[in-house]
Amino acid sequence: MLKSEIKVGDLVEINLKTGLDPFLGEVLATNPPIGADEHKWYRVKPASGDDMPGTFWYKDTEVSKK
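Colleague: Looking at this model, I keep getting lost on the pattern of salt bridges. Mind explaining?
Modeller: Between side chains of opposite charge, a pair can form when the charged atoms approach closely. For the structure shown, the criterion picks out two salt bridges. Taking the shortest distance from any N to any O, the salt bridge between Lys65 and Asp10 comes out at 3.5 Å. Taken as a pair, Lys65 in strand E5 (residues 63-65) and Asp10 in the segment before strand E1 (11-14) lie far apart in primary sequence, 55 residues in all. Residue classification places Lys65 among the partly exposed residues on the basis of a relative accessible area of 29%. In this structure, Glu13 and Lys66 form a salt bridge, with 4.0 Å as the shortest nitrogen-oxygen distance. In this pair, Glu13 is assigned in strand E1 and Lys66 in the segment after E5, connecting sequence segments 53 residues apart.

Colleague: Teacher, can you tell me more about the pairing of E1 here?
Modeller: The side chains of a regular strand alternate between the sheet's two faces. Where burial is concerned, the two faces of E1 differ: the one with Val12 and Ile14 is buried and the one with Leu11 and Glu13 is not. In this structure, E1 lies alongside E5, joined through three bridges in antiparallel fashion. In the strand pairing of E5, Val12 is matched with Lys65.

Colleague: Even after reading the chapter, I still don't get the nonpolar core, so can you show me in this structure?
Modeller: Looking at soluble globular proteins, one finds that nonpolar side chains tend to be buried together. Residues Ile6, Val12, Ile14, Phe23, Val27, Tyr42, Val44, Met52, Tyr58 and Val63 constitute the largest nonpolar core, which totals ten residues. Among the elements of the structure, E1, strand E2 (23-31) and strand E3 (41-46) are those that each provide at least two residues to this core. Beyond its immediate chain neighbours, meaning those up to four positions away, Val12 contacts Ile6, Phe23, Leu24, Gly25, Val27, Val44, Val63, Ser64, Lys65 and Lys66.

Colleague: For this particular structure, what's the right way to read the sheet that holds strand E4 (residues 56-59)?
Modeller: Remark on secondary structure: sheet strands pair via backbone hydrogen bonds, oriented parallel or antiparallel. Here five strands make up an open sheet; going across it, the order is E4-E3-E2-E1-E5 and the pairing antiparallel. Of all the strands in the sheet, just E4 and E5 have a single pairing partner and so form its edges. Geometrically, the sheet is characterised by an average inter-axis angle of 50° between neighbouring strands, direction not taken into account. Pairing of E3 with E4, which is carried by four bridges, proceeds in the antiparallel orientation. Residue Arg43 lies in a different strand from E4, and its bridge partner there is Trp57.

Calculation criteria
- Residues numbered from 1 in each chain as written.
- Predicted model: local features only at pLDDT ≥ 70, side-chain atom pairs only at ≥ 80, totals over all residues.
- Heavy atoms only, no water.
- Salt bridge = Lys/Arg side-chain N within 4 Å of Asp/Glu carboxyl O.
- Helix = DSSP H or I, 4+ residues; strand = E, 2+ residues; numbered from the N terminus.
- Buried < 20%, exposed > 50% of the residue type's maximum accessible area, 1.4 Å probe, protein only.
- Pairing = 2+ DSSP bridges.
- Core = buried A, V, L, I, M, F, W, Y, C linked by side-chain atoms within 4.5 Å.
- Contact = heavy atoms within 4.5 Å.
- Axes fitted to C-alpha atoms, helices over the stretch in contact; angles between N-to-C directions.

This is the structure in C-alpha cells:
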C-alpha cells in the first residue's frame, strides 16, 4: 500500500523495529516531505496507552495502514 494513501483518521500500525511489539493507532496529522530525500511524518494517537504513553510523530518507514 502506498504511504500517500494514509490519511488523517486512518487506523495504522506502528512498528519501531526496536524490539517492541508493533501497536495500532489513529493518524491525527500528517507532515509531507519537504524534499525528495525527506520522510513523510504521521502524528499518531495510540489505541492503547499501554502500547505507547503518548501521541508522537512517526516517519513513513514506521507506519503502515491497517
